[in-house]
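Inside the fold
One-letter residues, chain by chain:
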Amino acid sequence: MIVDHDVVVLGAGLAGMRAALEAARSGVNVAIVSKVHPVRSHSGAAQGGINAAIGEGDSWEIHAFDTIKGSDYLADQDAVEVMCSEAPQDIIELEHMGVIFYRDDQGKLGTRAFGGASKARTYFVGDITGQALLYTLYDQILKAGVKVYEEWFSTDLYVVDGQCRGTVALDMMTGELHLLRCGAVIVASGGMGRVYEPSTNALICTGDGIALAYRAGAPLMDMEMVQYHPTTLKGTGFLMTEAARGEGAYLLNADNERFMQRYAPKMVELASRDVVSRSETIEIAQGRGIDGCVLLDMRHLGRDVIMHKLPQIHEIALDFLGVDMITDPVPVRPGMHYIMGGVKTDVHGAAPLPGLYAAGECACVSVHGGNRLGANSLLDTLVFGRRSGAAASEYIKGVKPLTTGEDFLAAEQQRISELLERPYAGETHARVRLELGTMMDQYVGVYRDEAGLNAALSKLHDLKRRYDLVSVGDKSRVFNQALTFVIELGYMLDCAEATILSALTRKESRGAHSRTDFPQRNDAEWLKHVLIRRSPGQAPSIDFVPVTITKWPPQERTY
Amino acid sequence: MKWNVVVGRYDPTNPPARNGANGYPPPYENAPPRNYQSFEVELPEHAVVLDALIEIREYQDESLVVRCACRSAICGSCAMWVNGHARLACKSKLRDFTVDGKVTVESPPSMPVIRDLACDMTPFWEKNRKVRPWLENRLPIPEGEEYRVPNAAMENLIQEVSCISCGACLMDCESFAINKDFLGPAALAKAYRYTADPRDDQEKQRLKEYSEANGVWDCTHCYECVQQCPKGVAPLDQILKLRRLAVDAGFTNNPGTRHADAFAESVRDSGRLNELTLMPKSVGLFNIRAQLQALPTALRLLRAGKLPPVFHEKIPGLKRVKNIFNKLGGRFK
């Protein structure tokens, strides 16, 4: 089947739904394709909050400076200006849509403190902010009547004459492939957390849109910038929100010492995430950890604060580790959490490939540079979701309808059929994925060096060879998850390739990218973005673009 | 540790014959039968049912279908029957649910099954859509700033906002089991969330809609939804709040309110429940058709010796009961 829309959005998290809502408001025919029902999207797992400079004594310029400093001066400052100056209007709009933000005594929006921020500017709903936003946006797209292809899985982008004109998607329920033709595609498919093992990310975060754009020839930017969150639960690796530290939690080592006082005398536990994760890694490596972890101590906050402002992480620690944070500290460790890099876009969400837009974690505008501040990711999804929805709706006015696509769809059907029929040769997607994730965590984690990255690259080549032998252990048409897992693994291998090659390229330490063989930041040579692109059938090539500096020249970064 | 997991499999391309019994109690006797397959998995002591299912899917049988994403009770994907009740697989510890050496999981028979552990959630989403789950803004919308509302009014809604739409409440809802049109616990909890939002303009209209057939009065207070909800949403509590709001707003001309009123009146006037008049008062005293429809039930009760006495006697000390009503105030003073 071939279906036509004006704009197709891949992904139904916050960025995707916000983009679709904006397109619907512009009066264009928009549809969302999502491999899971919208409310299952991983945006719902964001806990702490969303930043905006609204309160007295704060300004978008201070927010922008905090963001740029947090980024280790790799963020493009024009993009940061856009995000921070438009943040207040997006928060107010969310409030008008019905988000039940926490209020102060006057009934106005109230804030909490967050890492790397010089003011308390994080707006929140308990510790389920992402969920509250995700559901409100879902309610809004229901209200607007936006078409959603639920549980449809994208297998390829349709590129015609150098323009992105649609996507082929697998309807999980029937097993049939369809071509969704359109004037513009907005990729809003989230991050690639599962490339790492462990990760705080859901099992669905497999870099689909990033890999699809990469394969279509769009450049990826800053892919070496992978954020490790300082507080992920021992064992399962589940997220313990930064809001815990925002509310006053301590980080302790085996000597019962608040070790962050040594690494970040001013901000202590609320230094930016790359700083805290590195400090924890050093503490653990130097023998002051406890069973590979440090302790997140909330006992002094008291039952009331924990149960009212952090109930979900209280429940998670209790359920999955049996630790009651009211009476005991929780063992945590740095864990892969977020990627700052992604599909390169301008401030309108447009990728260098005409007709292709990207927003949210899969995009790199770049507002997060080398390290994202907590509570800036939800903001990123909304501001650039909205902007890409508006820009794509405008762009399609100059695009002529298509009548082609049957051949492309038939070829894609053929490719998927062959994949399904591939005989078992001893390789499974689960084994290859586990080896990939473990390898990435080992060599491309908090600290990196040339030898480790080269080892990662050769392991990756080995895994790619084995991937070509992976068979699909389910031959059914209906809800064939094994098939989508195999395709996802292909996406993950491409994302890993981009990350490893970019990390090998950047020979300095900046933000989340810490090279033990190049421990200093080197603005003279490396105040630039690493771009990686791959033309069909070609080896990946590396390129550079300068960082846009507007008002804030790089300084030394201390917390 | 070794764990034994029995999985109710269902393959739509090769469904089991429908003629035999499916093993489910009424009213699920028409649900398609499952093919129960036993798996043994090696997992740590604190592992959850979902860990076992993922282990099976990754290393034993790639054709096992199970929806899951976050693994931490946030995304709501993995609700299923675990030992015959709706639970999140990611929140159910193997050690807590292993009974007689095994834990049994299956797609709930109350929902259409797609394949294995994935059920068709369409009924759930349709009910959600029916309650108009979005803010109908109170006007005027403040220009460039937020609505000023007390934090308590927002905190009042957080219980419902914690809902992750897993569907566990609907899967085990006894009212839904016999009436597929019942709006159900999650949708009605959502209905309360927008009705009670001080920024919403449609409180009256909403209460009117939710008071109609298949709405708040179709809940039978079985408490299954409260018990199964993994996030403490307690949908029944939200339904009861909606009932109170609806009655206070004057939406009383419906069997549900009449039924509740008949209870209260009977107790006020006689100190005990007059079961004989309860039904006619609920459906409406002049609703002869509905009363005739109940005749076969009445005859069955009569045969079983369970028909209430024709002469309803007041209890001694009735004045004290009336005093309670007077003290409580409200509609039955």
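Keep in mind the model is a prediction, meaning the values are calculated, not measured.

Each value, and the rule that gives it
Residues numbered from 1 in each chain as written. Chains lettered and ligands numbered in written order. Predicted model: local features only at pLDDT ≥ 70, side-chain atom pairs only at ≥ 80, totals over all residues. Heavy atoms only, no water. 1 Å grid on protein atoms, 1.4 Å probe; cavity = no way out; pocket = protein on both sides within 12 Å on 5 of 7 lines; lining within 4 Å. Points joined across faces, edges and corners; volume = space filled by probe spheres on them. Helix = DSSP H or I, 4+ residues; strand = E, 2+ residues; numbered from the N terminus. Nonpolar A, V, L, I, M, F, W, Y, C, P; charged D, E, K, R; others polar. Contact = heavy atoms within 4.5 Å. Buried area = accessible area lost by both parts, 1.4 Å probe. Salt bridge = Lys/Arg side-chain N within 4 Å of Asp/Glu carboxyl O. Polar contact = N/O pair within 3.5 Å; in protein donor to acceptor, adjacent residues only side chain to side chain. Buried < 20%, exposed > 50% of the residue type's maximum accessible area, 1.4 Å probe, protein only. Pairing = 2+ DSSP bridges. Disulfide = S-S within 2.5 Å. Axes fitted to C-alpha atoms, helices over the stretch in contact; angles between N-to-C directions. Core = buried A, V, L, I, M, F, W, Y, C linked by side-chain atoms within 4.5 Å. Lys, Arg positive; Asp, Glu negative; His and termini not counted. Parallel < 35°, antiparallel > 145°, perpendicular 65-115°, else oblique. Left-handed = near helix turned anticlockwise from the far one by under 90°.

Summed over the entire model, instances satisfying the criterion amount to eight cavities of 30 Å³ or more. Its boundaries defined by the atoms lining it, the second largest cavity holds a volume of some 180 Å³. Counting only elements with at least two residues in the lining of the second largest cavity, the list comes to helix H4 (129-144) of chain A together with helix H3 (122-130), helix H4 (151-161) and helix H7 (185-195) of chain B. Looking at the lining of the second largest cavity, its residues break down into eleven nonpolar, four polar and four charged.

Looking now at the layout of surface pockets. Residue and element names in this part refer to chain B. Here the second largest pocket is characterised by a volume of approximately 720 Å³. Looking at the second largest pocket, it is lined by 26 residues, and the ones nearest its centre are Trp 217, Arg 243, Gly 256, Thr 257 and Ala 260. At the level of secondary structure, the elements contributing two or more residues to the lining of the second largest pocket comprise helix H10 (235-248) and helix H11 (255-270). Considering every element that reaches the lining of the second largest pocket, the biggest residue donor is H11, with eight residues. Looking at the lining of the second largest pocket residue by residue, the classes come out as ten nonpolar, nine polar and seven charged.

The interface of chain A with chain B comprises 65 residues on the first partner and 65 residues on the second. Between chain A and chain B lies a buried interface of about 5200 Å² when both sides are counted; carbon and sulfur atoms form 53% of it. Interface area lost by chain A to chain B is led by Arg 40, His 96 and Ile 100 of chain A, which between them contribute 14%. Taken together, the connections running from chain A to chain B amount to seven salt bridges. One salt bridge connects Lys 91 of chain B with Asp 319 of chain A, and the closest N-O pair in it is separated by 3.5 Å. Our count for the chain A to chain B interface comes out at 36 residue pairs in polar contact (both at pLDDT 80 or more). Ranked by residues supplied to the side of chain A that touches chain B, first place goes to H4 of chain A with eight residues. Looking at the side of chain A that touches chain B residue by residue, the class counts come to 29 nonpolar, 23 polar and 13 charged.

Attention shifts here to the pairing of strand E4 (residues 85-88) of chain B. Residue and element names in this part refer to chain B. Residues Ala 86 and Leu 88 of E4 are buried on one face, while the alternating residues His 85 and Arg 87, pointing to the opposite face, are not. Bridge count for strand E3 (residues 79-82) against E4 is four bridges, and the pairing is antiparallel. Residue pairing for E4: Met 80 is matched across the bridge by Arg 87. Between E3 and E4, which pair antiparallel and follow one another directly, the connecting turn spans two residues, one of which, Asn 83, has a positive phi of 50°.

By the element assignment, Tyr 147 of chain B lies in the loop between H3 and H4. A relative accessible area of 1% means that Tyr 147 of chain B is categorised as buried. Expressed as a C-alpha distance, the spacing of Tyr 147 of chain B and Ile 315 of chain B, which sit 168 residues apart in the sequence, is 53 Å. Residues contacting Tyr 147 of chain B, with those up to four places away along its chain left out, are Glu 95, His 96, Arg 103 and Gly 107 of chain A together with Asn 137, Arg 138, Pro 140, Ile 141, Pro 142 and Arg 199 of chain B. A distance of 3.2 Å separates a polar atom in the side chain of Tyr 147 of chain B from a polar atom in the side chain of Asn 137 of chain B. A polar contact is formed between the side chain of Tyr 147 of chain B and the backbone oxygen of Arg 138 of chain B, at a distance of 2.7 Å.

Residue and element names in this part refer to chain B. Applying the stated criterion across every chain, the model contains zero disulfides over all chains. Just so you know, Cys 68 is unpaired, no disulfide at all, and the nearest cysteine sulfur is the one on Cys 78, 6.9 Å from it. The structure places no disulfide on Cys 75, whose sulfur is separated from the nearest cysteine sulfur, that of Cys 70, by 3.8 Å.

Residues and elements named next belong to chain A. Pairing is mixed in the open sheet, where five strands are placed in the order E19-E17-E12-E22-E23. The sheet terminates laterally at strand E19 (363-364) and strand E23 (541-546), the two strands that pair on one side only. The sheet contact formed by strand E12 (residues 220-221) and strand E22 (residues 528-533) spans two bridges and is antiparallel. Counterpart to Leu 220 in the pairing with E22 is Ile 532. Each of E12, E22 and E23 touches helix H15 (residues 481-505); the most contacted strand, E22, lies at about 140° to it.

Ranked by internal contacts, the top residues of the largest apolar core, which has 181 residues, are Ile 50, Phe 101 and Met 298 of chain A together with Val 5 and Leu 53 of chain B. Setting aside residues up to four positions removed in sequence, Ile 50 of chain A forms contacts with Ile 91, Leu 94, Phe 101, Arg 121, Thr 122, Tyr 123, Thr 129, Leu 133, Ala 375, Leu 378, Leu 379 and Leu 382 of chain A. Counting residues in hydrophobic clusters, the runner-up holds 83 residues, among them Val 168, Tyr 196, Ala 213 and Leu 353 of chain A.

All names here are of chain A. Within the open sheet, the five strands sit side by side as E7-E3-E2-E11-E18. Their pairing is parallel. Bordering the open sheet on either side are strand E7 (147-150) and strand E18 (356-358), each of which pairs with just one other strand. Shown here is a sheet whose adjacent strand axes are inclined to one another by a mean of 20°, direction ignored. Pairing analysis gives three bridges linking strand E11 (residues 184-187) to E18, with the strands arranged parallel. Across the sheet, residue Val 185 finds its bridge partner in E18, namely Leu 356.

Topologically, Glu 62 of chain B is positioned in the loop between helix H1 (49-59) and E3. For the buried Glu 62 of chain B, which has no salt bridge, the nearest side chain bearing the opposite charge is Arg 431 of chain A, at an N-O separation of 7.0 Å. A distance of 2.8 Å separates a polar side-chain atom of Glu 62 of chain B from the backbone nitrogen of Gly 473 of chain A. Those residues within four positions of Glu 62 of chain B in sequence are excluded, and the remaining contacts are Thr 428, His 429, Ser 471, Val 472, Gly 473, Asp 474 and Ala 482 of chain A together with Arg 57 of chain B.

Right, let's get into the pattern of salt bridges. Residues and elements named next belong to chain A. Counting across every chain of the model gives 70 salt bridges over all chains. Notably, a salt bridge pairs Asp 72 with Arg 521, separated by 2.6 Å at the nearest N-O pair. In this pair, Asp 72 sits in the loop between helix H2 (60-70) and helix H3 (77-97) while Arg 521 sits in the loop between strand E21 (514-515) and helix H16 (523-526), placing the two residues 449 residues apart along the sequence. Look at Asp 72 and you get buried, because its relative accessible area is 6%. Arg 521 sits in the partly exposed class, given a relative accessible area of 23%. Taken together, the salt bridges that share partners define one network made up of Asp 72, Glu 224, Asp 274, Arg 278, Arg 506, Glu 508, Arg 510, Arg 521, Asp 523 and Arg 557.

Attention shifts here to the packing of helix H1 (residues 14-25) of chain A against H4 of chain A. All names here are of chain A. Running from N to C, H1 and H4 cross one another at 30°; their axes reach a closest spacing of 10 Å. As judged from the angle between their axes, H1 and H4 are roughly parallel. For the crossing formed where H1 meets H4, the hand is left-handed. Residues Leu 14, Met 17, Arg 18 and Leu 21 of H1 lie in contact with H4, whose contacting residues are Leu 133, Leu 134, Leu 137, Tyr 138, Gln 140, Ile 141 and Ala 144. Partitioned by chemical class, the residues of the contact of H1 with H4 number nine nonpolar, one polar and one charged.

On to the side chain of Thr 231 of chain A, then. Summarising the element assignment, Thr 231 of chain A is placed in strand E13 (residues 226-233). Once residues within four sequence positions are removed from consideration, Thr 231 of chain A is found in contact with Phe 238, Leu 239, Met 240, Thr 241, Arg 245, Leu 251, Glu 280, Leu 296, Val 332 and Arg 333 of chain A.

Residue and element names in this part refer to chain A. The residue after Glu 197, namely Pro 198, is reached through a cis peptide bond having omega 0°. Following the sequence through the fold, Pro 198 ends up in the loop between E11 and helix H5 (208-215). Cis geometry is found at the peptide bond from Val 365 to Ser 366, where omega equals 5°. Mapping Ser 366 onto the fold places it in the loop between E19 and helix H11 (377-395). For Asp 161, which is not glycine, the phi dihedral falls at a positive 50°. Following the sequence through the fold, Asp 161 ends up in the loop between strand E8 (152-160) and strand E9 (163-171).

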